Amino acid sequence: MNKQNNVNNVDISKYLKTVLNRKDRINVEFEIFQSDIKEADPKLVITNLKKEILELI
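This one's a predicted model, so the numbers in the text were calculated from it and none came from an experiment.

### As for the overall build of the chain
Phase 1: The helix and strand tally for the chain stands at three helices and zero strands.
Phase 2: Listed N to C, the secondary structure of the chain is α-α-α in terms of helices and strands.
Phase 3: Burial statistics for the chain: of 57 residues in total, 12% are counted as buried.
Phase 4: For the chain, the proportion of contacts with a sequence separation of at least 24, taken over those separated by at least 6, is 47%.

Next comes the structure, spelled out in structure tokens:
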């Protein structure tokens, strides 16, 4: 997910911590692109997304 660091990637971990610590009701949406899936099973990518997000914070 955020392991690659280049011009197109944003280090969202610092922003994600702030958003998740807010006291109001929030929704966080992540968009998965075909380039993120590549040859992987899309269901596996989605299943692992929560784990990867929690590793960021």
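### Comments concerning a nonpolar patch on the surface
Phase 1: On the surface, Leu20, Val28, Leu54 and Ile57 cluster together into a nonpolar patch covering about 330 Å² of accessible area.
Phase 2: Locating leucine 54 in the fold gives a position in helix α3 (residues 42-56).
Phase 3: What makes leucine 54 partly exposed here is its relative accessible area of 48%.

### Observations regarding the confidence of the model for the chain
Phase 1: Chain-level statistics for the chain give a pLDDT mean of 77 and a share of 82% at 70 or above.
Phase 2: By mean pLDDT, the top-scoring element of the chain is helix α2 (residues 34-37) (83), and the lowest-scoring one is helix α1 (residues 13-20) (80).

### Notes on α3
Phase 1: In a regular helix each residue adds 1.5 Å, so 15 residues correspond to 21 Å; α3 covers 21 Å between its end C-alpha atoms and thus fits that length.
Phase 2: Taking the largest bend as the criterion, α3 deviates by roughly 35°, centred on leucine 49.
Phase 3: Here the buried face of α3 lies against α1.
Phase 4: N-cap assignment for α3: the residue whose side-chain oxygen lies 3.1 Å from the backbone N of lysine 43 is aspartate 41.

### Quick look at unusual backbone geometry
Phase 1: The phi dihedral of lysine 38 is positive, around 50°, even though this residue is not glycine.
Phase 2: Take lysine 38: it is sitting in the loop between α2 and α3.

### Things to note about the pattern of salt bridges
Once their charged atoms are close, side chains differing in charge can pair, the charge on each being opposite to the other.
Phase 1: Inspection of every chain in the model, using the stated rule, returns one salt bridge.
Phase 2: Among the salt bridges present, the one from glutamate 55 reaches lysine 51, with a minimum N-O distance of 3.6 Å. Here lysine 51 and glutamate 55 lie together in helix α3, a separation of four residues that amounts to about one turn.
Phase 3: For glutamate 55, a relative accessible area of 48% translates into the label partly exposed.

The rules we used
- Residues numbered from 1 in each chain as written.
- Predicted model: local features only at pLDDT ≥ 70, side-chain atom pairs only at ≥ 80, totals over all residues.
- Heavy atoms only, no water.
- Helix = DSSP H or I, 4+ residues; strand = E, 2+ residues; numbered from the N terminus.
- Buried < 20%, exposed > 50% of the residue type's maximum accessible area, 1.4 Å probe, protein only.
- Contact = heavy atoms within 4.5 Å.
- Patch = residues over 30% accessible without salt bridge, like charges linked within 9 Å, V, L, I, M, F, W, Y side chains within 5 Å.
- Areas by Shrake-Rupley, 256 points an atom, 1.4 Å probe, with all protein chains shown as cover.
- Salt bridge = Lys/Arg side-chain N within 4 Å of Asp/Glu carboxyl O.
- pLDDT = per-residue confidence, 0-100.
- Expected span 1.5 Å × (residues − 1).
- Bend = angle between axes of the 7 residues up to and from the residue.
- Polar contact = N/O pair within 3.5 Å; in protein donor to acceptor, adjacent residues only side chain to side chain.

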